[in-house]
Amino acid sequence: MFKAVSRPLPDLKDWRFSVDQWGIAWAELDREGESQNSLGRRPLEELAEIVAAVETGARDKSIVGLVLISGKERGFIVGADIREFADIKTETDVVERLRPVTALFDRIENLPVPVVCAINGFCLGGGLELALACHYRIATRDPSTKLGFPEVKLGIFPGFNGTVRAIRQAGAPAAMQTMLTGRMLSASAARGMGLVDQLVDTRGALPWAARKAVLRKRKSKPAGFVKQLLTKWPVRGLLASRMRSEVARKAREAHYPSPYRLIDLFEQYAGNDEAMKAAETRAFAPLMVSERSRNLRRVFWLSELLKGQAPKTLGWRPQRVHVIGAGTMGADIAGWCVASGMEVTLQDVSPEQIAKGIAAQGKLIARKFKTKAQRDAAKARLIADPGGEGIARADVVIEAIVEKLDIKKTVLADVEGKLKAGAVMATNTSSLQIEDIAAGLADPGRLIGLHFFNPVSLMPLVEVVRGEQSREDEIKRGAAFVAAIDKLPLITKSVPGFLVNRVLTPYMFGAMKRLQEGESKERIDEAARAFGMPMGPIELADTVGLDVCAHVAKILNYPSAGSALEQLAAAGKLGKKTGEGFYVWQAGKPVRDPRRTDPQEMEELGRALIKPLIEEAQKCLDAGIVENADLVDAGVIFGTGFAPFRGGPLHYKASITPQPPVHAEAAE
Ligand code: NAI
């Protein structure tokens, strides 16, 4: 950084503020005691002091410009400080919180000297809104630099007037698309859209570029005339209705109203900045205090809670993984580990299966890595290993072979003899008991379960299963490994079905029973989706495979003899994979009998369908399968996709259970 000539405002805690020999003011955000910068109350109050100092300096000509930059090695600003949202209870609270911030951003925009924002790493949500209030934005090409508006994922939209400024800079279609999807943009994509003005290669190059931009009085240009035209009526109306139908394909208004409110805001006010700013605050407030947004924030917090299941200070960094079994699960687990940067050896009794499993990872690798060099490096890290040579070098060995106890015992006993000290030994079994598999080992305390979900690349959760004898150290390392491959670990007891399959089973079998009793599969599936499930239970059964469902029924003692499930499975109609199960499948989609459904009826049926899942979740909590109610909710949301806006099965149960009246004495 440049030599500071003066340090006005020495008492700041979250910012460092100095003025250099050229009269450029540097405001460096480095939140005290935090690993990342977020915009909470104190950093915003301190920013207001900085802006006041720059206003004074600009008047007396001692300051010629301002640069906003991060003092953290990684990351600019990850967004508003979500932790502080909890004490915002009413719409009036929201408006009172927003007013000083939007006024402050206006003051930044109106500063008479150039204001440059220098961005490296995450620049999200409120951080991007602040950047957009500056006159000029420079970002690094570093792959860690990502810009975006993730607010819709929390049931809101940008509320610091970012809707107005994003549209002004990028034009309506691109800006709205970014805000409606919550997608993160690379620095060059953001530059292409006009959200960023200049790119530099490294973090080290930022201060020089920023200084030059201030001295040359660089100013970003708003989107051109053609893009602005799209904010004019009637084009705006057409664009809005196209956006509405695009959003409707992904999310129902009843479940996720925020993108719809954002489109309304655009449709009514785009092109009139001042009116749109005021309307943004009015439309934002009810979303912010809604139950849905609260629940979506809870989901974010639950994901952090799961990350916390992995110890941070283990001093162990797994790098080599050996996977045994190159079938549906093993090959995808291997591919995912490679995509997370690990080196993986893949073993199977069938060399053809290994080759097929490796080839199948091409898509994931292409999605994860942008350059050919990165893709080639990833492919080179996925090594066919029919002889199991990789076991001795592996930090983690995962067994994902056929679900047969004897074969698993033999294979793992062999692994145990070759494993290096300190390596994790895990099974991906979905229905066997860890202690039964471990019974064949010299050291049964070494084996843990790492239960991945299908499809591996899409399902964020991995259950880390503690067998009766599993040692705590092994569990900790298992959880650390799961975190290292960017999945969410959930430590569960070794009981049939663990947590996730245990709660899913009564729900799916309850739905199949209704089907057997004459309810239509289309109505059942629609009712579950109307509740907020990503897929109906009958479609889910077909997707998982009816043979797998029949097997689970046996393990968990569900009576399925003579059922439609058993008959279909016996006839080889196994669902999606064979082209027919409960549904006939065409081009990867179930063929549905189109019928009109009554929303009220669907709501009632949806609640009834979900009831067994909620009851089972409560039983899992009572039986201590995971540590507490929040972890039950987290596991069920991230393992099954349970309607996130409902906050989890137990949270939902509490929200619909009438609270007992508070007695006068108790209240006193
Ligand atoms: P799969 O049948 O697709 O693959 C099993 C693979 O293991 C086959 O390629 C087979 O050749 C290989 N194999 C069999 N014996 C072997 C041996 N002695 N040494 C090396 N390779 C051997 O099975 P899938 O579905 O991948 O399941 C594997 C494991 O994952 C099972 O324990 C299953 O319960 C579990 N699981 C399955 C899920 C699913 O949705 N399919 C979900 C979660 C867990």
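Position numbers for residues count from 1 along each chain, tracking the sequence in the order it is written. With pLDDT at 70 or above as the cut-off, local features in this predicted model cover only qualifying residues; side-chain atom pairs require 80 or more to be listed or tallied, and sums for whole chains, interfaces and linings still use all residues. The side-chain values count all of the structure's non-hydrogen atoms but skip hydrogen atoms and water molecules.

Here we look at the sheet that holds strand S11 (residues 320-324)
So, step 1. Read from one edge to the other, the open sheet built from 8 strands follows the order S13-S12-S11-S14-S15-S16-S17-S18, with strand pairing classed as mixed. Edge strands, defined here as strands with exactly one partner in the open sheet, are strand S13 (382-384) and strand S18 (488-493). Pairwise comparison of adjacent strand axes, ignoring direction, gives a mean angle of 25 degrees for this sheet.
So, step 2. At least two DSSP bridges between two strands are needed for those strands to be called paired. Helix and strand definitions here come from DSSP, where helices need a minimum of 4 consecutive H or I residues and strands a minimum of 2 consecutive E residues; each element is numbered from the N-terminal end. Of the strand pairs in this sheet, S11 and strand S14 (residues 396-399) are connected by 4 bridges, and their pairing is parallel. Across the sheet, residue Val321 finds its bridge partner in S14, namely Val396. Note on geometry: axes are C-alpha line fits, over the in-contact stretch for helices, and angles between N-to-C directions span 0 to 180 degrees.

Thoughts on the site of the ligand
So, step 1. Working definition: residue near molecule or strand if any one of its non-hydrogen atoms lies within 4 Å of it. The full set close to the ligand counts 21 residues, and Met329, Asp348, Glu403, Lys408 and Ser430 are the nearest of them.
So, step 2. For the ligand, an oxygen atom lies 2.5 Å from a polar atom in the side chain of Glu403.
So, step 3. Lys408 places a side-chain nitrogen or oxygen 2.7 Å from an oxygen atom of the ligand.
So, step 4. Areas reported here follow the Shrake-Rupley algorithm with a probe of radius 1.4 Å; residue values treat only the protein chains shown as occluding. In the complex, the protein chains occlude 78% of the 830 Å² of accessible area that the ligand would expose alone.
So, step 5. Following the grouping adopted for this structure description, the nonpolar residues are Ala, Val, Leu, Ile, Met, Phe, Trp, Tyr, Cys and Pro, the charged ones are Asp, Glu, Lys and Arg, and the polar ones are all others, Gly among them. In terms of residue class, the shell around the ligand is made up of 9 nonpolar, 9 polar and 3 charged. In the analysis that follows, any N or O atom pair within 3.5 Å is treated as a polar contact, provided that within protein one partner can donate a hydrogen and the other can accept it, and provided that, for residues neighboring in sequence, both atoms belong to side chains.

Notes on the pairing of S18
So, step 1. Taken across its 6 residues, S18 has 5 buried, putting it largely inside the fold.
So, step 2. Whether a crossover is right-handed comes down to one check: with the strands pointing away from the viewer, does the path from the first strand over the helix to the second run clockwise; if it does, it is right-handed. One crossover worth recording links strand S17 (residues 461-466) to the parallel S18 by way of helix H19 (residues 472-484), and it is right-handed. Residue exposure (1.4 Å probe, protein chains only): buried if accessible area is under 20% of the type maximum, exposed if over 50%, otherwise partly exposed.

Re unusual backbone geometry
So, step 1. The omega torsion across Asn454 and Pro455 is 0 degrees, close enough to zero to call that bond cis.
So, step 2. Of note, Pro455 is situated in the loop between strand S16 (447-452) and S17.
So, step 3. The backbone phi angle of Asn161 is positive, close to 65 degrees, even though this residue is not glycine.
So, step 4. Checked against the element boundaries, Asn161 lands in the loop between strand S8 (146-148) and helix H4 (162-170).
So, step 5. At Asn557, a residue that is not glycine, the phi angle is positive and equals roughly 60 degrees.
So, step 6. Position of Asn557 relative to the elements: it lies in the loop between helix H23 (546-555) and helix H24 (564-570).

Examining the side chain of Thr102
So, step 1. Secondary-structure assignment places Thr102 in helix H2 (residues 91-109).
So, step 2. With relative accessibility at 11%, the residue Thr102 sits in the buried group.

Observations concerning the environment of Leu515
So, step 1. Counting through the fold element by element, Leu515 comes out in helix H20 (residues 500-516).
So, step 2. C-alpha of Leu515 to C-alpha of Ala564: the two residues are 49 residues apart in sequence and 8.9 Å apart in space.
So, step 3. The contact definition used throughout considers only heavy atoms, calling two residues in contact when any of these lie within 4.5 Å. Not counting residues up to four positions away in its chain, the partners in contact with Leu515 are Ser520, Lys521, Ile524, Ile538 and Phe582.

A word on the packing of aromatic side chains
So, step 1. Pairing of aromatic rings covers Phe, Tyr and Trp, the last counted by its six-membered ring, and requires centre-to-centre distances within 6.5 Å; plane angles under 30 degrees mean stacked, over 60 mean edge-to-face, and any other angle means tilted. Tallied over the entire structure, the rule returns 6 aromatic pairs.
So, step 2. With centroids separated by 5.4 Å and ring planes inclined at 75 degrees, the aromatic side chains of Tyr256 and Phe645 adopt a geometry described as edge-to-face. In this pair, Tyr256 is assigned in the loop between helix H9 (235-250) and helix H10 (258-269) and Phe645 in the loop between helix H26 (629-640) and helix H27 (649-656), connecting sequence segments 389 residues apart.
So, step 3. Exposure remark for Phe645: the relative accessible area of 4% places this residue in the buried category.
So, step 4. Ring pairing ties together the aromatic residues Phe531, Phe642 and Tyr652, which thus form one cluster.
So, step 5. Lysine and arginine charges are scored as sitting over a ring when NZ or CZ, respectively, is within 6 Å of the ring centre and within 35 degrees of the ring normal. The cationic tip of Arg211 hangs over the ring face of Trp22; the distance from NZ or CZ to the ring centre is 4.0 Å.
So, step 6. One residue, Arg477, lies across the ring of Trp316, its end atom 5.9 Å from the ring centre.

With respect to the domain arrangement of the protein chain
So, step 1. The source of the domain bounds is an automatic or database domain assignment. By domain assignment, the protein chain separates into domain 1 (4-289), domain 2 (320-500) and domain 3 (501-624).
So, step 2. When each unit is reduced to the centre of its C-alpha atoms, the spacing between domain 1 and domain 3 is 45 Å.

Describing the sheet that holds strand S5 (residues 115-119)
So, step 1. Strand order in the open sheet formed by 7 strands is S1-S2-S3-S4-S5-S7-S10, with mixed pairing between adjacent strands. Two strands in the sheet have a free side with no partner beyond their single neighbour: strand S1 (4-6) and strand S10 (198-200). The mean angle between the axes of side-by-side strands here comes to 30 degrees, regardless of whether they run parallel or antiparallel.
So, step 2. For S5 and strand S7 (residues 136-140), the ladder comprises 4 bridges, and the chain directions are parallel. Bridge pairing in S7 links Ala118 to Ile138.

Some words on the confidence of the model for the protein chain
So, step 1. Of all residues in the protein chain, 98% have pLDDT values of 70 or greater, and the mean over the chain is 94.
So, step 2. pLDDT: the predictor's confidence for each residue, scored from 0 to 100. Ignoring residues within four places in sequence, the model shows residues 664-668, a span with pLDDT below 50, making 1 contact including any to other chains.

So, the nonpolar core
So, step 1. What we call a nonpolar core is a set of buried Ala, Val, Leu, Ile, Met, Phe, Trp, Tyr and Cys residues that are connected through their side-chain atoms within 4.5 Å. Phe17, Val54, Leu66, Phe105, Ile108, Met176 and Phe266 are the most contacted members of the largest nonpolar core, which has 81 residues in total.
So, step 2. For Phe105, the contacting residues outside a window of four places in its chain are Leu39, Leu44, Gly126, Glu129, Leu130, Ala133, Phe160 and Arg165.

What to know about the packing of H4 against helix H5 (residues 172-181)
So, step 1. With their axes 7 Å apart at the nearest point, H4 and H5 run at an angle of 135 degrees to one another. The orientation of H4 with respect to H5, classified from their angle, is oblique. The way H4 lies across H5 gives a crossing that is right-handed. On H5, the residues that touch Thr163, Ala166, Ile167 and Ala170 of H4 are Ala172, Ala174, Ala175, Met176 and Met179.
So, step 2. In the contact of H4 with H5, the residues fall into 8 nonpolar, 1 polar and no charged. What sets the label is the angle itself: under 35 degrees gives roughly parallel, over 145 gives roughly antiparallel, 65 to 115 gives roughly perpendicular, and the rest give oblique. In a left-handed crossing the near helix is turned counterclockwise from the far helix by less than a right angle, and in a right-handed crossing that turn is clockwise.

Digging into the packing of helix H1 (residues 41-59) against H2
Relative orientation and spacing of two packed helices are given, respectively, by the angle between their axes and the distance between those axes.
So, step 1. Interaxial distance between H1 and H2 falls to 10 Å at its minimum, and their mutual angle equals 35 degrees. Viewed along their axes, H1 and H2 form a crossing whose handedness is left-handed. Across the interface between the two elements, Arg41, Leu44, Leu47, Ala48, Val51, Ala52 and Glu55 of H1 pack against Arg97, Val101, Leu104, Phe105, Arg107 and Ile108 of H2.

Quick notes on the pairing of S14
So, step 1. Burial along S14 is two-sided: the residues Val396 and Ile398 and Val397 and Glu399 are all buried.
So, step 2. Pairing geometry for S14 and strand S15 (residues 424-427), over 4 bridges, is parallel. Bridging from a neighbouring strand, Glu399 pairs with Thr427 of S15.
So, step 3. Handedness of the crossover joining S14 and S15 through helix H17 (residues 405-418) is recorded here as right-handed.

Digging into the environment of Ile108
So, step 1. Relative to the helices and strands, Ile108 is located in helix H2.
So, step 2. Sequence spacing of Ile108 and Leu154 is 46 residues, and the spatial spacing of their C-alpha atoms is 27 Å.
So, step 3. Setting aside residues no more than four positions away along its own chain, Ile108 makes contact with Leu47, Val51, Val115, Leu130, Ala133, Cys134 and His135.

Some words on the side chain of Ser520
So, step 1. Position of Ser520 relative to the elements: it lies in the loop between H20 and helix H21 (521-531).
So, step 2. On the basis of relative accessible area, Ser520 is assigned to the buried category, the value being 10%.
So, step 3. Polar contacts involving the side chain of Ser520 include one to the main-chain amide nitrogen of Arg523, which spans 3.0 Å.
So, step 4. Ignoring any residue separated from it by four or fewer positions in sequence, one finds Ser520 in contact with Leu515 and Arg595.

Concerning the pattern of salt bridges
So, step 1. In the sections that follow, a salt bridge refers to a side-chain nitrogen of Lys or Arg positioned within 4 Å of a carboxyl oxygen of Asp or Glu. The tally for this structure, following the rule as stated, stands at 48 salt bridges.
So, step 2. Put simply, Arg165 and Glu109 hold a salt bridge, and the shortest N to O gap is 2.9 Å. Residue Arg165 is located in helix H4, and its partner Glu109 is located in helix H2; the two are separated by 56 residues in the primary sequence. Exposure class is identical for Arg165 and Glu109. Each is buried.
So, step 3. Note that Lys418 and Asp414 form a salt bridge whose closest N and O atoms lie 3.1 Å from each other.

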